Amino acid sequence: MDNISHALFGASIVQAGWGKRYGARVGIYAMIASNIPDIDIALRFIPGIDPLVASFFHRTATHSFVFAFVAAAIM
């Protein structure tokens, strides 16, 4: 999924379950939080790391089930 799909998925989950209760602010937070698994894309911009290696590690640990709990604890 690209970042737009991530953001729309997060916003749609909030609107489906809690839209009227919490409003648009929670939808914006969900859009931002749903893009957190793609934070590993920043590896491509670190000098000295091969882009092929960065592509190999994309969507590994940050897209795991365990990372969801780690990210939730950090937030």
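Report on the accompanying structure.

1. Thoughts on the overall build of the chain
Tallying secondary structure elements over the chain gives four helices and zero strands in all. Ordered by position in the sequence, the α and β elements of the chain form the string α-α-α-α. Here the C-alpha radius of gyration of the chain, 15 Å, is well above what a compact globule of 75 residues would show, namely 11 Å. Overall size of the chain, expressed as C-alpha extent along the three principal axes, is 45 × 25 × 15 Å. Burial statistics for the chain: of 75 residues in total, 21% are counted as buried. When contacts within the chain are restricted to residue pairs at least 6 apart in sequence, those whose partners lie at least 24 apart make up 45%.

2. Side note on the packing of aromatic side chains
Counting across every chain of the model gives one aromatic pair. When the centroid spacing of 5.2 Å and the interplanar angle of 85° are considered together, the rings of Phe65 and Phe69 count as edge-to-face. With Phe65 and Phe69 both in helix α4 (residues 65–74) and four residues apart, this pair spans about one turn of that helix. The residues Phe65 and Phe69 share a single accessibility class, namely exposed.

3. Observations concerning a nonpolar patch on the surface
Residues Ile46, Ile49, Val53, Phe56 and Phe57 make up a contiguous nonpolar surface patch of about 460 Å² in total accessible area. Counting through the fold element by element, Ile49 comes out in the loop between α2 (24–33) and α3 (51–57). According to the relative accessible area criterion, Ile49 is partly exposed, its value standing at 32%.

4. Section: the side chain of His6
One can find His6 in helix α1 (residues 3–22). Here Asp38 takes part through its side chain, which lies 3.2 Å from a polar atom of the side chain of His6.

5. Considering the environment of Thr62
With respect to the element layout, Thr62 can be found in the loop between α3 and α4. It is 25 Å that separates the C-alpha atoms of Thr62 and Gly17, two residues lying 45 residues apart in sequence. Thr62 has contacts with Pro37, Ile39, Asp40 and Phe67, leaving out every residue within four places of it along the chain. A distance of 2.7 Å separates a polar side-chain atom of Thr62 from the backbone oxygen of Pro37.

Definitions and cut-offs
- Residues numbered from 1 in each chain as written.
- Predicted model: local features only at pLDDT ≥ 70, side-chain atom pairs only at ≥ 80, totals over all residues.
- Heavy atoms only, no water.
- Helix = DSSP H or I, 4+ residues; strand = E, 2+ residues; numbered from the N terminus.
- Rg over C-alpha atoms; globule rule 2.2 N^0.38 Å.
- Buried < 20%, exposed > 50% of the residue type's maximum accessible area, 1.4 Å probe, protein only.
- Contact = heavy atoms within 4.5 Å.
- Phe/Tyr/Trp six-rings, centres within 6.5 Å; stacked < 30°, edge-to-face > 60°.
- Patch = residues over 30% accessible without salt bridge, like charges linked within 9 Å, V, L, I, M, F, W, Y side chains within 5 Å.
- Areas by Shrake-Rupley, 256 points an atom, 1.4 Å probe, with all protein chains shown as cover.
- Salt bridge = Lys/Arg side-chain N within 4 Å of Asp/Glu carboxyl O.
- Polar contact = N/O pair within 3.5 Å; in protein donor to acceptor, adjacent residues only side chain to side chain.

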